[in-house]
Amino acid sequence: MDRSRSTGRWLVWPAPEALTRVGVPRGRLVIDGLLLTAICSWIVASAYISGAFPGWYGVLPPLGLALCVAAVVAYHATTVAGQLSRSLGLLALVAAAGLGAHAAGAHVSATLIWIVVSVTAMERLPLLVALGTVLVLAGGFVDADETGFLGAGVTTAAVLLTGYSLRLDAQARSAGFRLLAQERAAREAEAASAALTERARIAREIHDVLAHSLSAQMVHLEAARLQIEAGARREDVLERVAAARSMAREGLAETRHALSALRGDMVPVEDYLRELARGDRAEVEVVGERRPLPAEASQAVRRVAQEALTNVRKHAPGARTRLRLAYETGEIALEIRDSGAAGDTEGAGLSGSGSGYGLIGMRERAELLGGTLEAGPEDEGFAVRLRVPA
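Residues numbered from 1 in each chain as written. Predicted model: local features only at pLDDT ≥ 70, side-chain atom pairs only at ≥ 80, totals over all residues. Heavy atoms only, no water.

S.K.: Explanation requested: the overall build of the protein chain in the structure shown.
M.R.: Per the secondary structure count, the protein chain includes ten helices and five strands. In the protein chain, buried positions account for 39% of the 390 residues. Taking the contacts inside the protein chain whose residues are at least 6 apart along the sequence as the reference set, 68% of them involve residues at least 24 apart. Split by element, the accessible area of the protein chain, about 21300 Å² in all, is 62% carbon and sulfur. (Helix = DSSP H or I, 4+ residues; strand = E, 2+ residues; numbered from the N terminus. Buried < 20%, exposed > 50% of the residue type's maximum accessible area, 1.4 Å probe, protein only. Contact = heavy atoms within 4.5 Å. Areas by Shrake-Rupley, 256 points an atom, 1.4 Å probe, with all protein chains shown as cover.)

Written out as structure tokens, the structure is:
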């Protein structure tokens, strides 16, 4: 393939989409077929009417026309492939057939053939090459037209306008195809990105739920280990083991709830917080006008509350805990504060259990949503404050 995509406008081929018939309306194809059939019939009829092919020479017009049609079909293929030399050779073959008709006296047939050559050159070749082809054939128009330069000039101008108009029409169709292809590619990329984002979000939710559940189980199992080492009663140890098993069951339920929440099927976040705080005897306060929250913001509040309460059980067993959920303009705020360890030794020694990445995960979750999370000692206890757009 010898296509040369020069940056010069005059040497650039039409876009590949412009050189094909893909996307052309069926009605346009029918009209073009009828027009070409009429031109071919006119060429043959003019040859016979001129009397230039008497006797057995009468077989030459249809044979010559068939050769020209085959050459034009091949020309369309070579232009799509960008083969300039072959394209020019095929056009020269058709033009030579017109020259033969002109030499035999069939001037109208010759003129029609040269018009077809000129129009197809203007439509499908690099513009500079097409103009050169038309100018070369203009000499034939002068010789074949009885009005001389005047008629040849009118014919040449009509050929240039017709061919260039067809070229612009094809390029406009090509631009539409490219825009459509770009839009389709952008839509597919957007869908793929959305799918990946959704998968990452679901994976994060499941990770956070399981991390919370396993951390809570670790608290109870560590307490059971410490009780065994301290020689505690069997009933107390079994109570801790049963609590760990309950946490495992709740973790699976929370995973299902997280998936339901991601699908938009969730209970109001304030009801969830009250249910969550009931097991820790924590206080819940809700202020502001309640409104539906985006799934991401709602899940952030739920996961942060879970992690904060788990940290209270690990690091400040027996502390009084207070949760405050505030619906504010453009955002949702959650505050979890505890009073510090209240001398309850039931969970003593558990502060070293868990992964230690709870606060990091909560802060990352908030930042992904464009919010903030602050956590640190306050008075005698610890406070966690979350703010996310909602």
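That shown, we press on.
S.K.: Teacher, can you tell me more about the nonpolar core here?
M.R.: Generally speaking, a soluble globular protein has its nonpolar side chains buried in company with each other. In terms of nonpolar packing, the biggest core is built from 33 residues, with Leu-91, Val-94, Ala-106, Trp-114 and Leu-125 touching the most fellow members. Broken down by element, the residue count for this core peaks at eight residues, all from helix α4 (residues 107-124). When neighbours within four sequence positions are excluded, Val-94 is seen to be in contact with Cys-68, Ala-71, Val-72, Ile-113 and Val-117. In terms of nonpolar packing, the next biggest core, distinct from the first, is built from 26 residues, Leu-273, Leu-276, Ala-277 and Tyr-327 among them. (Core = buried A, V, L, I, M, F, W, Y, C linked by side-chain atoms within 4.5 Å.)

S.K.: Help me understand the sheet that holds strand β3 (residues 331-338), please; the structure alone is not making it clear to me.
M.R.: The strands that make up a sheet pair up through hydrogen bonds in the backbone, lying either parallel or antiparallel. If you trace the five strands from one edge of the open sheet to the other, you get β1-β2-β3-β5-β4, paired in mixed fashion. Of all the strands in the sheet, just β1 (283-287) and β4 (372-378) have a single pairing partner and so form its edges. Across this sheet, the average inter-strand angle for adjacent strands is 10°, counted without regard to direction. The pairing of β3 with strand β5 (residues 381-389) spans eight bridges and is antiparallel. Residue pairing for β5: Asp-338 is matched across the bridge by Phe-382. Packed on one face of the sheet, helix α8 (residues 269-278) meets β1, β2 (321-328) and β3 and runs near 180° to β2. Helix-sheet contacts for helix α9 (residues 295-315) involve β2, β3, β4 and β5, and the interaxial angle to β3 is about 5°. (Pairing = 2+ DSSP bridges. Axes fitted to C-alpha atoms, helices over the stretch in contact; angles between N-to-C directions.)

S.K.: Could you clarify how one ought to interpret the pairing of β1 in this entry?
M.R.: For a regular strand, side chains alternate in direction, first toward one face of the sheet and then toward the other. Inspection of the sheet shows β1 paired to β2 by five bridges, in the parallel sense. Residue pairing across strands places Val-287 opposite Ala-326, the latter belonging to β2. Each parallel crossover has a hand, and for β1 linked through α9 to β2 it is left-handed. (Right-handed = clockwise from strand over helix to strand, strands pointing away.)

S.K.: Got a minute to help me understand the packing of aromatic side chains in this structure?
M.R.: The relative placement of two aromatic rings is captured by the distance of their centres and the angle of their planes. Within this structure, the stated rule accounts for zero aromatic pairs. Arg-302 extends its terminal NZ or CZ atom over the ring of Tyr-272, reaching a point 4.9 Å from the ring centre. (Phe/Tyr/Trp six-rings, centres within 6.5 Å; stacked < 30°, edge-to-face > 60°. Lys NZ or Arg CZ within 6 Å of the ring centre and 35° of its normal.)

S.K.: Mind showing me how you'd approach the packing of α8 against α9 here?
M.R.: When two helices pack together, their arrangement is given by the angle between their axes and by how far apart the axes lie. One way to put it is that α8 packs onto α9 with a least axis distance of 10 Å and a crossing angle of 15°. In terms of their interaxial angle, α8 and α9 are classed as roughly parallel. The element α8 and its partner α9 pack so that their crossing is right-handed. Contacts from Val-269, Tyr-272, Leu-273, Leu-276 and Ala-277 of α8 reach α9 at Ser-298, Val-301, Arg-302, Arg-303, Ala-305, Gln-306 and Leu-309. (Parallel < 35°, antiparallel > 145°, perpendicular 65-115°, else oblique. Left-handed = near helix turned anticlockwise from the far one by under 90°.)

S.K.: Which parts of the structure should I look at to understand the pattern of salt bridges?
M.R.: Oppositely charged side chains may form a pair once their charged atoms are brought near each other. Scanning the entire structure with this criterion turns up 15 salt bridges. Its salt-bridge partner being Glu-378, residue Arg-337 comes within 2.9 Å of it at the nearest N-O pair. Of this pair, Arg-337 sits in strand β3 while Glu-378 sits in strand β4; the two residues are 41 residues apart in sequence, bridging distant segments of the chain. When its relative accessible area of 31% is taken as the criterion, Arg-337 is described as partly exposed. We classify Glu-378 as partly exposed; its relative accessible area is 22%. For Glu-378, the salt bridge is made with Arg-385, and the minimal N-O distance between the two is 2.8 Å. (Salt bridge = Lys/Arg side-chain N within 4 Å of Asp/Glu carboxyl O.)

S.K.: How should the packing of helix α1 (residues 26-49) against α4 be read in this particular structure?
M.R.: Here α1 crosses α4 at 155°, and the two axes come no closer than 8 Å. Classed by the angle they form, the pair α1 and α4 counts as roughly antiparallel. Here α1 and α4 pass one another in a crossing that is left-handed. Contacts between α1 and α4 pair Ile-39, Trp-42, Ile-43, Ser-46 and Ala-47 from the former with Val-108, Ser-109, Leu-112, Ile-113 and Val-116 from the latter. A per-class count over the contact of α1 with α4 returns eight nonpolar, two polar and no charged. (Nonpolar A, V, L, I, M, F, W, Y, C, P; charged D, E, K, R; others polar.)

S.K.: What is the right way to read the side chain of Thr-133 from this model?
M.R.: Mapped onto the elements of the fold, Thr-133 is located in helix α5 (residues 127-144). Its relative accessible area of 14% is what places Thr-133 among the buried residues. Once residues lying within four places of it in the same chain are set aside, the contact partners of Thr-133 are Leu-88, Val-117, Ala-121 and Leu-125.

S.K.: Whenever I open this one, the environment of Arg-337 confuses me. Can you help?
M.R.: Sequence separation of Arg-337 and Arg-322 is 15 residues, and the distance between their C-alpha atoms is 5.4 Å. In this structure the side chain of Arg-337 is engaged in a polar contact, spanning 2.9 Å, whose partner is the side chain of Glu-378. (Polar contact = N/O pair within 3.5 Å; in protein donor to acceptor, adjacent residues only side chain to side chain.)

S.K.: What should I look at first to understand α4 in this one?
M.R.: The periodicity of an α-helix, 3.6 residues per turn, causes residues three or four positions apart to be oriented the same way. Taking 1.5 Å as the rise per residue, α4 with 18 residues should run 26 Å; its terminal C-alpha atoms sit 26 Å apart, in good agreement. Most of α4 is tucked away, with 14 of its 18 residues classed as buried. (Expected span 1.5 Å × (residues − 1).)

S.K.: Would you mind going over a nonpolar patch on the surface with me for this structure?
M.R.: A cluster of nonpolar side chains, Trp-56, Tyr-57, Val-59, Leu-60 and Leu-63, forms an exposed patch at the surface whose accessible area comes to about 530 Å². Residue placement: Trp-56 occurs in the loop between α1 and α2 (60-80). Judged by relative accessible area, which is 59%, Trp-56 ranks as exposed. (Patch = residues over 30% accessible without salt bridge, like charges linked within 9 Å, V, L, I, M, F, W, Y side chains within 5 Å.)

S.K.: Is there a simple way to explain the environment of Leu-84 in this structure?
M.R.: Along the chain, Leu-84 turns up in helix α3 (residues 84-104). A relative accessible area of 26% places Leu-84 in the partly exposed class. Between the C-alpha atom of Leu-84 and that of Leu-125, which follows or precedes it by 41 residues, the distance is 7.8 Å.

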